[in-house]
Amino acid sequence: MSFFKFDEDNASTGFELVAEGKYEATIVNAEPGNTQAGKPKLSVDFEIRSDVEQNHQGAKVLYNTFTFEHEVSVKIVNSLIKACGFPNNHTFSSPDDMANQLSNKSLKITVKHEEYEKLVDGVKQKRTAAKAKYFDVSEVNPPNQSGGSITISDDDIPF
């Protein structure tokens with residue numbers, strides 16, 4: 001019996017940049033933090049939903065940073081929150097609270113390409129990243145949970 005069998009037909013072809021366009025997505029990670037100036041920020045990662053027929057299923061759109069100090073930034077955050085289905089005047093008690101409440105929310109994102117420079121071995125290289133730039137309410141139902149709820153009693157926990 002072997003541990004692993006190589007299958008060249010099932011090999012990854014490498015990283016593919018998510019094309020610009022609209023995608024049904026889920027927030028898979030939301031991390032609070034601070035900017036270099038010490039102001040609150042939120043870093044959000046999206047995953048293009050695999051349960052919806054669309055290109056780039058399962059791909060991630062990473063490192064989307066939201067700040068709260070300028071009028072335009074606040075409008076962008078408000079559009080994200082609205083797209084996630086929160087009611088008007090919903091309040092968040094902290095960046096941690098916002099991150100927790102946004103996690104696993106489904107929405108429609110518009111991906112745009114963003115160019116940046118990265119220093120590699122002392123040489124600046126131009127790179128392109130896919131970023132979520134606009135946010136809309138999802139046009140499909142949230143992903144279905146597989147199976148029923150799980151109940152764990154104190155007797156099931158070993159500590």
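Residues numbered from 1 in each chain as written. Predicted model: local features only at pLDDT ≥ 70, side-chain atom pairs only at ≥ 80, totals over all residues. Heavy atoms only, no water.

A. Main features of the pattern of salt bridges. Counted according to the given criterion, the structure contains 7 salt bridges. Between Lys60 and Glu47 there is a salt bridge; the shortest N-O distance is 3.0 Å. Residue Lys60 is found in strand β3 (residues 60–67), and its partner Glu47 is found in strand β2 (residues 40–48); the two are separated by 13 residues along the sequence. Salt-bridge contacts for Asp51 lead to Arg49; the nearest nitrogen and oxygen are separated by 2.8 Å. Using a relative accessible area of 4% as the deciding quantity, one classes Arg49 as buried. (Salt bridge = Lys/Arg side-chain N within 4 Å of Asp/Glu carboxyl O. Helix = DSSP H or I, 4+ residues; strand = E, 2+ residues; numbered from the N terminus. Buried < 20%, exposed > 50% of the residue type's maximum accessible area, 1.4 Å probe, protein only.)

B. Just a nonpolar patch on the surface, in detail. A grouping of Phe3, Phe4 and Phe6 is seen on the molecular surface, where their side chains present a nonpolar patch of about 500 Å² in accessible area. Structurally, Phe3 can be placed in the segment before β1 (21–34). (Patch = residues over 30% accessible without salt bridge, like charges linked within 9 Å, V, L, I, M, F, W, Y side chains within 5 Å. Areas by Shrake-Rupley, 256 points an atom, 1.4 Å probe, with all protein chains shown as cover.)

C. Representation of unusual backbone geometry within the structure. Of note in this structure, Asn89 is not a glycine but carries a positive phi near 70 degrees. As for its placement among the helices and strands, Asn89 is situated in the loop between α1 (71–83) and α2 (95–102). The phi dihedral of Asp121 falls on the positive side, at around 50 degrees, and the residue is not glycine. Assignment of secondary structure puts Asp121 in the loop between β4 (106–120) and β5 (123–136).

D. Fine view of the nonpolar core. One finds Ile27, Phe46, Leu80, Leu102, Leu107, Ile109 and Phe135 to be the most contacted residues of the largest nonpolar core, which totals 27 residues. Of all the secondary-structure elements, those providing two or more residues to this core are β1, β2, β3, α1, α2, β4 and β5. Apart from residues lying up to four places away in sequence, Leu102 is in contact with Ile27, Leu42, Leu80, Cys84 and Phe86. (Core = buried A, V, L, I, M, F, W, Y, C linked by side-chain atoms within 4.5 Å. Contact = heavy atoms within 4.5 Å.)

E. Seen up close, the environment of Phe15. Along the polypeptide, Phe15 turns up in the segment before β1. Overall, the relative accessible area of 74% leaves Phe15 in the exposed class. Sequence-wise, Phe15 and Ala59 are 44 residues apart; in three dimensions their C-alpha atoms are separated by 9.6 Å.

F. Representation of the side chain of Asn64 within the structure. Relative to the helices and strands, Asn64 resides in strand β3. By relative accessible area, which is 4% here, Asn64 ends up buried. If sequence neighbours within four positions are ignored, Asn64 has contacts with Leu42, Ser43, Val44, Phe46, Lys131 and Ala132.

Purely spatial values, then, with no claim about function.
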